[in-house]
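Residue-level listing of the chains:
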Amino acid sequence: MADDRTDNHNPNIVSDVAEAGGCGLKNLATGATCGLTARHAGPCDFMAPHAVPEALREKGIDLQSDEQ
Ligand SMILES: [Zn+2]
């Protein structure tokens, strides 16, 4: 477990998204958040934060498991 430096504590990362398996990178200038999966290829796909859970759900990641 040498990779202990996760991005989860980085203020540029939305921890809820990152912990669920998403990229979670947040553009601090706009507040937009990446809706792609962790370690995705290519550039981030920044979108409004409220759109991220739906985008990730399409990729098989459920950010709100307590919401059916
Ligand atoms: Zn990204």
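Rules of the game
- Residues numbered from 1 in each chain as written.
- Predicted model: local features only at pLDDT ≥ 70, side-chain atom pairs only at ≥ 80, totals over all residues.
- Heavy atoms only, no water.
- Donors = N, O, S within 2.8 Å, 3.2 Å for Na, K, Ca; no water.
- Tetrahedral: all angles 85-135°; square planar, octahedral: opposite > 155°, others 65-115°.
- Buried < 20%, exposed > 50% of the residue type's maximum accessible area, 1.4 Å probe, protein only.
- 1 Å grid on protein atoms, 1.4 Å probe; cavity = no way out; pocket = protein on both sides within 12 Å on 5 of 7 lines; lining within 4 Å.
- Points joined across faces, edges and corners; volume = space filled by probe spheres on them.
- Helix = DSSP H or I, 4+ residues; strand = E, 2+ residues; numbered from the N terminus.
- Nonpolar A, V, L, I, M, F, W, Y, C, P; charged D, E, K, R; others polar.
- Core = buried A, V, L, I, M, F, W, Y, C linked by side-chain atoms within 4.5 Å.
- Contact = heavy atoms within 4.5 Å.

Some thoughts on the coordination of the zinc ion
Thought 1: Taken together, the protein donors to the zinc ion comprise C23 (SG), C34 (SG), H40 (NE2) and C44 (SG), at separations of 2.0 to 2.3 Å.
Thought 2: Geometry at the zinc ion is tetrahedral, judged from its 4 donor atoms and the angles of 108 to 112 degrees they form at the metal.
Thought 3: The sequence motif formed by the donor residues of the zinc ion is C-x10-C-x5-H-x3-C.
Thought 4: For C34, a relative accessible area of 0% translates into the label buried.

A word on the layout of surface pockets
Unoccupied space between atoms shows up once a probe the size of one water molecule is rolled over them.
Thought 1: The calculated volume of the second largest pocket comes to roughly 150 Å³.
Thought 2: Lining the second largest pocket we find V14, D16, V17, T33, P49, V52, P53, L63 and Q64.
Thought 3: Taken together, the elements giving at least two residues each to the lining of the second largest pocket come down to α1 (15–20) and α2 (52–57).
Thought 4: Partitioning the lining of the second largest pocket into residue classes produces 6 nonpolar, 2 polar and 1 charged.

Here's the deal with the nonpolar core
Thought 1: V17, M47, V52, A55, L56 and I61 form the largest nonpolar core, which has 6 residues in total.
Thought 2: Among the elements that make up this core, the one with the highest residue count is α2 (3 residues).
Thought 3: Residues in contact with M47, not counting those within four places in the same chain, are A32, T33, G35, V52 and A55.

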